[in-house]
Structure formats: C-alpha cells, structure tokens
Amino acid sequence: MRSMLKLPLLAVVAVGVAGLQTSVSSPVRAAEGGAVQEGWSPTEPYPTQEVYYPGTEALGEEEIRIIACGSGMPMPRSKQAAACFLIELGNGEKLIFDLGTGSFTTLYALGIPLDYMTKIFISHQHADHMGDLPTMWIYGMQNGRSKPLEIWGPGGGGMPDGWGMKAATDGILKFYNWMLETSKGALDTRSLAMNVTEFDWSKVNNVIYDQDGVVIRTIPAIHLEGSVSFILEWKGMKIAFSGDTLANRWWTEYAKHADLAIHEAFLPNRSFVTRYKFQPGEAIYVSTLVHTTAAVFGKVMALTEPRRAVAYHFQNDPDTLPEVVTDVRKSYDGPVDFAVDGMVWNITKDEIRTRVAMLNSQPFPPASVTERQQAPPGGEVYETPDWVLQGYEWETLPLMDQIHDEFNEEFDTDFQFPLRPAE
Ligand SMILES: [Zn+2]
Ligand SMILES: [Zn+2]
C-alpha cells in the first residue's frame with residue numbers, strides 16, 4: 001500500500017507547516033535526511049512514524065484533517081466499512097460526509113466525543129452511504145452524546161413523495177419505536193432527536209450550509225435520482241466528495257482544482273462478473289450506468305486537476321489494487337491516494353500530507369463534554385410489567401443486595417435493589 005502512495009518531499013517540507021503551526025503536542029518529525037533530531041532522547045516521544053495516532057495532534061487554525069472512516073463497498077468488511085469521511089476543520093467544526101454501513105465503528109474508534117460529531121451530510125440514500133445513521137443516532141444515549149443529530153440529505157427535485165431524507169429518518173423512529181419507548185427514564189435520551197434539513201438535490205452549485213465561514217454546496221450526481229456530490233469550501237480551500245456518480249460535467253466544473261477530490265472508483269467492469277458473481281447484464285449495468293470504474297475515475301481526475309485525488313469505493317486489497325492503479329494511470333498522472341479505512345489527510349495551503357491512522361479496535365465510550373442526565377426533567381419513565389419482574393430468581397436476592405451495598409460504598413450513593421417477592 002505504502003509504495004502506491006505518492007508522498008514526494010513530505011519529510012522535507014513538513015516541519016513548520018500542517019499540524020505543527022499551533023501545536024505543541026504534535027509529534028516531531030525526523031529532520032531532513034531522516035536523521036534523528038539533535039537532543040532527542042530515548043525517553044521522549046519518538047519522531048513520528050508515518051502514522052496518525054487519533055487524539056494526539058492539535059489542528060492548526062487553517063488546517064483541515066480528513067479521515068476515511070469508510071472507503072469500501074456496500075457490504076462492510078472488517079478492514080473496510082462503506083462510505084464515510086470525517087472532515088475536521090481548524091475552527092473546531094467536525095462534519096461527516098456519508099455514514100455507510102459499518103462506518104460508525106471506525107468513527108467511534110477515533111475516541112472523539114460524540115457531542116462534537118453531530119453534523120451529518122448524506123449524499124444519497126443507499127445503505128452504503130447512510131446505513132449506520134440509525135446506529136450512530138440510537139447509541140448516542142449510551143456513549144455520552146447529549147445533543148441531537150443534525151442531518152442534511154436530499155429531497156424534492158421531482159422525486160416521488162416519501163423518497164426524501166425526512167421520510168427516511170421518520171422511518172428510523174418507527175423502526176426503533178420499541179427501543180425508544182423502553183429507554184425512557186433509564187438513560188440520557190436528549191440525543192434522540194434528529195433535526196433534518198432536506199435540500200433540493202437537483203439544483204446546481206446549491207448552498208446547503210453556510211456557517212462560520214464554512215460553505216457546503218451540492219451538485220447533482222448521475223446515480224439514479226436524488227443523489228448529490230458535496231463541495232466544501234473553507235479558508236480558500238476546497239474539498240469535493242462525489243458520493244456515487246457517473247462521470248459528469250457538474251463535477252468537472254465545480255470540483256475543478258479542489259484541494260482534495262474524493263471520488264468513487266470501482267473495480268474494473270469484469271470484476272463484477274468474476275468477483276461479485278453477477279450476471280454479465282447486471283455487471284455492465286452497475287459498473288457503467290450507476291458507478292464510475294477506476295479507468296473512468298482516471299479520466300475524471302485528469303479533467304478535475306485536483307491538488308490530490310482520492311479513489312474510494314472499492315475493495316482495496318493486495319490483489320485488486322494493482323488493477324485499479326493501472327486503470328487510473330491510463331489517463332491520470334497526478335497525485336492520487338487509494339483509500340483504505342483510517343487513511344488521513346492533513347491539508348493546508350502549503351501541504352497535503354497522507355497517512356493512515358492507528359485505529360483503536362477496543363474503544364470505550366469517548367469522554368462526554370456535557371454532564372449526563374439519567375432522565376430529562378419531567379420526562380416519562382418506562383417500567384417493566386410486574387409479572388415479568390416477579391419471574392426474578394429470588395435465590396440471587398442476597399447477592400444483589402450485596403452488590404448494591406458495595407456500589408453504594410464506592411460511589412457514596414444509597415440505591416436499594418427494588419425487587420421483592422409479591423406478598
Ligand atoms: Zn449509491
Ligand atoms: Zn455507494
């Protein structure tokens with residue numbers, strides 16, 4: 001993988017830019033030529049490897065950090081979830097572009113307080129672009145999030161009623177009705193609202209978000225209907241994210257010269273017969289009328305001329321990557337990264353640095369930035385029916401009383417186990 005990344009001169013130009021502008025905590029990099037810095041001690045943090053350790057680097061005031069939290073195909077695999085890119089800005093904003101199946105696990109592994117990750121932009125409603133929205137939403141209450149999710153997604157534009165983002169989130173509420181009702185009063189449920197903004201997906205260069213100098217526009221994507229690509233601009237830098245689309249002229253016009261242009265790049269067409277076991281008719285439909293294969297991605301990037309291109313939405317394996325690279329290089333010779341989950345880009349006007357994060361495979365809930373409330377004041381409290389509780393095995397009652405005594409001792413509380421046999 002590393003040999004495929006184009007990282008020319010990074011070690012030479014990195015010191016003094018990127019995360020180091022305002023950061024005292026960023027790991028020091030090796031001096032030019034790879035020599036250990038003078039005065040470096042074996043008891044100090046090492047000069048950084050080409051690895052990003054989440055939560056250890058401050059972000060510069062004019063720096064963007066993007067983390068691929070899902071770079072693969074619809075069916076999540078342990079090494080690659082479906083589409084999701086976290087965009088962190090030096091003004092403190094954190095924005096999520098797509099939240100595909102399996103991607104919340106990677107977002108969660110970063111250890112970022114969930115109250116900082118509430119703004120979610122959905123390019124279209126395929127499961128590989130929003131399949132983890134229900135998961136991220138419902139598990140806020142157990143993982144320190146007290147704020148509602150803010151969701152931007154497509155609607156209108158001539159689509160039939162019931163096809164927009166609002167209908168989808170209403171459906172999530174219905175899907176989890178039992179879980180919502182039975183959670184009342186037991187946990188901090190303030191996170192369970194979803195504030196949805198539907199935008200007209202058919203508009204070209206349509207501003208859907210404009211806050212604190214951050215502007216996000218959409219252009220239509222050619223991917224069935226109701227699909228868009230996002231273009232984010234901040235501090236004179238531009239990030240373009242295709243979602244799913246055929247090569248299209250809106251993209252090549254409005255994503256032109258993006259600092260980072262993230263675009264789908266499927267495996268070669270024949271792979272849909274040989275690897276996915278599709279019928280040839282299914283294979284050619286999916287890979288030429290709904291999606292962009294690597295060969296076409298190369299041409300799109302030759303037209304887009306980004307500072308750096310990112311190819312995503314394929315199984316990035318030792319035996320697939322060479323085919324993808326070969327196809328891309330038929331028409332594009334500029335800088336390009338072939339995304340894996342955890343790939344990180346630090347972007348400033350001076351430099352774009354690509355690394356891969358060390359993801360924590362066994363995280364606990366990130367720290368909460370808001371004090372938890374077991375039950376919002378005045379809220380309803382759910383109670384399990386008495387006859388179910390009377391099925392309790394009373395032989396364990398002394399043990400449960402002992403557990404309460406120990407807990408009360410440790411936390412200076414006064415809880416009693418409430419269940420007793422009926423008279
Ligand atoms: Zn799609
Ligand atoms: Zn997709």
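Residues numbered from 1 in each chain as written. Chains lettered and ligands numbered in written order. Predicted model: local features only at pLDDT ≥ 70, side-chain atom pairs only at ≥ 80, totals over all residues.

**Examining the overall build of the protein chain**
Summing up its helical and strand segments, the protein chain has 13 helices and 16 strands in all. Put simply, the protein chain has 423 residues, and 39% of those count as buried. Across the protein chain, the fraction of contacts at a sequence separation of at least 24, relative to all contacts at a separation of at least 6, is 67%. (Helix = DSSP H or I, 4+ residues; strand = E, 2+ residues; numbered from the N terminus. Buried ≥ 20, exposed ≤ 12 C-beta atoms within 10 Å, placed from the backbone. Contact = placed C-beta atoms within 7 Å.)

**Brief notes about the sheet that holds strand β2 (residues 64-70)**
Pairing is mixed in the open sheet, where nine strands are placed in the order β1-β16-β15-β2-β3-β4-β5-β6-β7. Each of the sheet's edge strands pairs with one partner strand only, and the pair in question is β1 (51-52) and β7 (194-200). In this sheet, strand β15 (residues 343-347) lies alongside β2 in antiparallel orientation, the contact comprising four bridges. Counterpart to Arg65 in the pairing with β15 is Asn346. (Pairing = 2+ DSSP bridges.)

**With respect to unusual backbone geometry**
Glycine aside, residues mostly have negative phi, and peptide bonds are mostly found in the trans state. In the Ramachandran plot, Asp212 falls in the positive-phi region, its phi being about 50 degrees despite a non-glycine side chain. In this structure Asp212 comes out as exposed when scored by C-beta crowding, with 10 C-beta atoms within 10 Å. Positive phi, close to 50 degrees, is recorded for Lys235, a residue that is not glycine.

**Overview of the environment of Arg355**
Position of Arg355 among the secondary structure elements: in strand β16 (residues 352-357). Accessibility expressed as a C-beta count within 10 Å gives 20 for Arg355, which makes it buried. Separated by 13 residues in sequence, Arg355 and Gly342 have C-alpha atoms that sit 8.4 Å apart. Dropping the residues within four chain positions of it, Arg355 is found in contact with Glu50, Val51, Tyr52 and Val344.

**Re the nonpolar core**
Counting 85 residues, the largest nonpolar core has Phe85, Ile87, Leu260 and Ala311 as the members making the most contacts within it. The biggest single contributor to this core is helix α10 (residues 294-304), with six residues. Here Ala311 is in contact with His263, Ala265, Ala294, Phe297, Val324, Val328, Val336, Phe338 and Ala339, once residues within four sequence places are set aside. (Core = buried A, V, L, I, M, F, W, Y, C linked by C-beta atoms within 7 Å.)

**A word on the packing of α10 against helix α11 (residues 321-329)**
Following both chains from N to C, one finds α10 and α11 inclined at 40 degrees, their axes separated by 7 Å at the closest point. Judged by the angle between their axes, α10 and α11 are oblique. As for the relative orientation of α10 and α11, their crossing is right-handed in sense. Here Ala294, Ala295, Phe297 and Gly298 of α10 come into contact with α11, specifically with Val324, Asp327, Val328 and Arg329. (Axes fitted to C-alpha atoms, helices over the stretch in contact; angles between N-to-C directions. Parallel < 35°, antiparallel > 145°, perpendicular 65-115°, else oblique. Left-handed = near helix turned anticlockwise from the far one by under 90°.)

**Points about the sheet that holds strand β10 (residues 228-234)**
An order of β8-β9-β10-β11-β12-β13-β14 is seen for the seven strands of this open sheet, with the pairing classed as mixed. Each edge of the sheet is formed by a strand with only one pairing partner; in this case those strands are β8 (206-211) and β14 (336-338). Strand-to-strand twist of the sheet, defined as the mean angle between neighbouring strand axes without regard to direction, takes the value 15 degrees. Taken strand by strand, α10 contacts β12 (260-264), β13 (308-312) and β14, and its axis lies near 155 degrees from that of β12. Here α11 sits on the sheet in contact with β13 and β14, set at roughly 155 degrees to β14.

**Remarks on the pairing of β8**
Bridge count between β8 and strand β9 (residues 214-220): five bridges; the pairing is antiparallel. Residue pairing in the sheet places Asn206 in a bridge with Thr218 of β9. Counted along the chain from β8 to the antiparallel partner β9, the turn is two residues long, and its residue Asp212 has a positive phi close to 50 degrees.

**Brief notes about the pairing of strand β3 (residues 84-89)**
Side-chain direction in a regular strand flips from residue to residue, so the side chains alternate between the two faces of the sheet. Of all six residues that make up β3, six are buried, and the element is covered over most of its length. Pairing geometry for β2 and β3, over six bridges, is antiparallel. From the neighbouring strand, Arg65 faces β3, where its bridge partner is Glu88. With antiparallel pairing between neighbouring strands as the criterion, β3 and strand β4 (residues 94-97) make up a hairpin whose turn holds four residues, including Gly92 at a positive phi of roughly 100 degrees.

**Re α10**
Burial runs high along α10: eight of the eleven residues are buried. Glu305 sits one or two positions beyond α10 and adopts a positive phi of about 50 degrees.

**So, the environment of Gly236**
Relative to the assigned elements, Gly236 resides in the loop between β10 and β11 (237-241). Residue classification places Gly236 among the exposed positions, given that 8 C-beta atoms sit within 10 Å. Spatially, the C-alpha atom of Gly236 lies 9.5 Å from that of Glu62, the residues being 174 residues apart in sequence.

**Considering the confidence of the model for the protein chain**
Looking at the protein chain as a whole, the pLDDT averages 90, with 90% of positions reaching at least 70. The element-level mean pLDDT for the protein chain is lowest in helix α1 (residues 10-13), coming to 34, with β12 highest at 99. Counted against residues more than four places away or in other chains, residues 1-28, with its pLDDT under 50, gives 55 contacts. (pLDDT = per-residue confidence, 0-100.)

**Considering the environment of Ala58**
With respect to the secondary-structure elements, Ala58 resides in the loop between β1 and β2. Assessed through the 15 C-beta atoms surrounding it within 10 Å, Ala58 is described here as partly exposed. Each C-alpha atom of the pair Ala58 and Gly90 lies 8.8 Å from the other, and the pair is 32 residues apart in sequence.

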